[in-house]
Amino acid sequence: VNGPAGAWPGRIFLALRLLLGAVFVLSGFTKLLAPAEELALTMESYRLVPVSVTLPAARVLPWIELVAAVFLIVDLWRRAAAAVIAAMLALFVAALSSVLVRGIDIGGCGCFGAAGPKLTPGQALMLDAGFLAAALILAFKREGQHEENHPHPAH
Amino acid sequence: MTPTAKKKFGAALAVVAALAATVFVSRENNWSVSWRVPSYRQMGPASARVALVVYSDFQCPSCAKAQGRIKSFMQKHEGKLFLVYRHFPLENHKWSFLASQAAEAAGAQKKFWDYHDLLFTRQEEWAKSPEAPDGLFIKYAGELGLEAEAFKADFKSGKRDELIRRDKKEGKDLNVSATPTIFINQRRVVGDQQLESVGERYIELELQR
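This write-up is about the structure you can find in this document. The shown structure was predicted, so the numbers you read here are calculated from the model rather than taken from an experiment.

The rules behind the values
- Counting from 1, residues in each chain are numbered in the order their sequence is written.
- Key to labels: chains lettered from A, ligands numbered from 1, both in the order written.
- Where totals are concerned, whole chains, interfaces and linings use all residues; where local detail is concerned, this predicted model gives features only for residues with pLDDT of at least 70, and gives and counts side-chain atom pairs only at 80 or more.
- Excluding hydrogens and water, the side-chain values take into account all heavy atoms of the structure.
- Secondary structure elements follow DSSP: runs of H or I no shorter than four residues count as helices, runs of E no shorter than two count as strands, and numbering proceeds from the N terminus.
- Computation of the radius of gyration draws on C-alpha atoms, with the globule rule given as 2.2 Å multiplied by the number of residues to the power 0.38.
- Partly exposed residues are those whose accessible area sits between 20% and 50% of the maximum for their type, while under 20% is buried and over 50% is exposed, using a 1.4 Å probe and protein chains only.
- Any two residues whose heavy atoms approach within 4.5 Å are treated as being in contact.
- Accessibility throughout is a Shrake-Rupley quantity obtained with a 1.4 Å probe, and a residue counts as covered only by protein chains that appear here.
- Only four residue types enter the charge count: Lys and Arg as positive, Asp and Glu as negative, with His and the chain ends excluded.
- Charged side chains are reduced to one point each, which is NZ for Lys, CZ for Arg, CG for Asp and CD for Glu.
- Put simply, buried area is how much 1.4 Å-probe accessible surface two parts lose in total, over both of them, once they are put together.
- By definition here, a salt bridge exists when the distance from a side-chain nitrogen of Lys or Arg to a carboxyl oxygen of Asp or Glu is within 4 Å.
- What qualifies as a polar contact is a pair of N or O atoms within 3.5 Å, subject to a donor-acceptor requirement within protein and to the restriction that residues adjacent in sequence count only when both atoms come from side chains.
- In what follows, a disulfide is any cysteine sulfur pair within 2.5 Å.

## Regarding the overall build of chain B
Okay, step 1: On a plain count of helices and strands, chain B comes out with nine helices and five strands.
Okay, step 2: Walking chain B from its N terminus toward its C terminus, one meets helices and strands in the order α-β-β-α-β-α-α-α-α-α-α-β-β-α.
Okay, step 3: In terms of C-alpha radius of gyration, chain B reaches 21 Å, well past the compact-globule figure of 17 Å for 209 residues.
Okay, step 4: Taking the principal axes of the C-alpha coordinates as reference, chain B spans close to 80 × 40 × 25 Å.
Okay, step 5: Taken over 209 residues, chain B has a buried fraction of 50%.
Okay, step 6: At a minimum sequence separation of 6, the contacts of chain B that also span at least 24 residues come to 76%.
Okay, step 7: Working note: accessible area of chain B is about 10,100 Å², and carbon and sulfur atoms make up 54% of it.
Okay, step 8: Separation of charge centres in chain B, based on 32 positive and 25 negative side chains, amounts to 8 Å.

Structure (structure tokens):
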């Protein structure tokens, strides 16, 4: 598994970890730089949950994103960190799909707070779906699993 | 925990702590709500225990809803609240800066709040206008009995544009990016839904302090 035959999946895992980790560090950090009430306002525009939920969620969510992302980057409790990120992404995908289906104009998705890149709900949905797939791989697949199950014969 | 895991844990904590420190420092530097506006944009006693500083945009529908709630707070807690209006015209609202200019011209004749109410009540009429609604703004001034020539001269003179720009700049310094943003003393509320949900509670809490 540690030899050349297992190197690719390891690299893929590393790339996915760093990519997802970097995206979520950026997402959590930019949200934290803006007031929580503004993130709550963005959440309210989705018309899914009341203010009694959005305000506490806006205070907690960016910290969860940040901590899970850092653990993913340093590769500590990777499965748990990836599972937390996957759960958040599943929520985002559901929320974005819901506004698209209902035709609600929310302007930007609010994914990176006020300071980060501005994405439309459609763009955010595509990205989040891809990130969700990556997070699920990191959470549920074993690194080098493919080579363990189907070892390449040595020639 | 293995030594490697301990090292990783230490690294993770260090990174999170560094980012958290940056966040707290950035928030600390941006936290001082100013009441520095002309007296015609103030309402209630300046010595009141609770100040409501409202960053608002005359063309924003959520601001129109919020001003109704603010009015009811002022009536309910008469004499206990100090209200300050600060302009925050958003770029995507075509006529908002013009509306602020008109409200300032009305303020020069001590009718800022009446004009403010009228702009919000008639928002749909002027906000949808394809051309600059100068005529409507002058008509509103007439309805309120403002001196027409003085209003016209003041309105487009640009004399008070700097006040509007200063409000917006100071709002941005406070990380305001959406309207309405209301500061109830040091507590921030963004949007009319949050105001409806937590506004009264924040006022009560501040009055009890």
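## Here we look at the interface of chain B and chain A
Okay, step 1: Facing 28 residues of chain B, the contacting portion of chain A comprises 24 residues.
Okay, step 2: Considering only the surface of chain B that becomes buried against chain A, Lys8, Leu19 and Gln194 of chain B emerge as the three largest contributors, covering 23% of it.
Okay, step 3: Our enumeration of links across chain B and chain A arrives at one salt bridge.
Okay, step 4: Our enumeration of links across chain B and chain A arrives at four residue pairs in polar contact (both at pLDDT 80 or more).
Okay, step 5: Listed by contribution, the elements that provide at least two residues to the side of chain B that touches chain A are α1 (3-29), β5 (187-190) and α9 (192-208) of chain B.
Okay, step 6: With 14 residues, the top contributor of residues to the side of chain B that touches chain A is α1 of chain B.

## Describing the state of the cysteines
Working definition of a disulfide: a covalent bond connecting the sulfur atoms of two cysteines.
Residue and element names in this part refer to chain A.
Okay, step 1: All chains considered together, the criterion is met by two disulfides over all chains.
Okay, step 2: The side chain of Cys109 participates in a disulfide bridge whose partner is Cys111; the two sulfur atoms lie 1.9 Å from each other.
Okay, step 3: Relative accessible area serves as the criterion here: at 16%, Cys111 is assigned to the buried category.

## Thoughts on the pattern of salt bridges
All names here are of chain B.
Okay, step 1: As enumerated under the stated definition, the model contains 25 salt bridges over all chains in all.
Okay, step 2: When the shortest N-O distance is used, the salt bridge between Arg36 and Glu170 registers 2.5 Å. Placement of the pair is Arg36 in the loop between α1 and β1 (42-43) and Glu170 in helix α8 (residues 161-173), with a sequence separation of 134 residues.
Okay, step 3: One salt-bridge network, in which partners are shared between bridges, spans Arg36, Arg41, Arg86, Glu104, Asp167 and Glu170.

## Quick word on the environment of Glu149 of chain B
Residues and elements named next belong to chain B.
Okay, step 1: Structurally, Glu149 is set in helix α7 (residues 148-155).
Okay, step 2: You can call Glu149 exposed: its relative accessible area is 52%.
Okay, step 3: The spacing of Glu149 and Ile138 is 11 residues in sequence and 9.6 Å in space, taken between C-alpha atoms.

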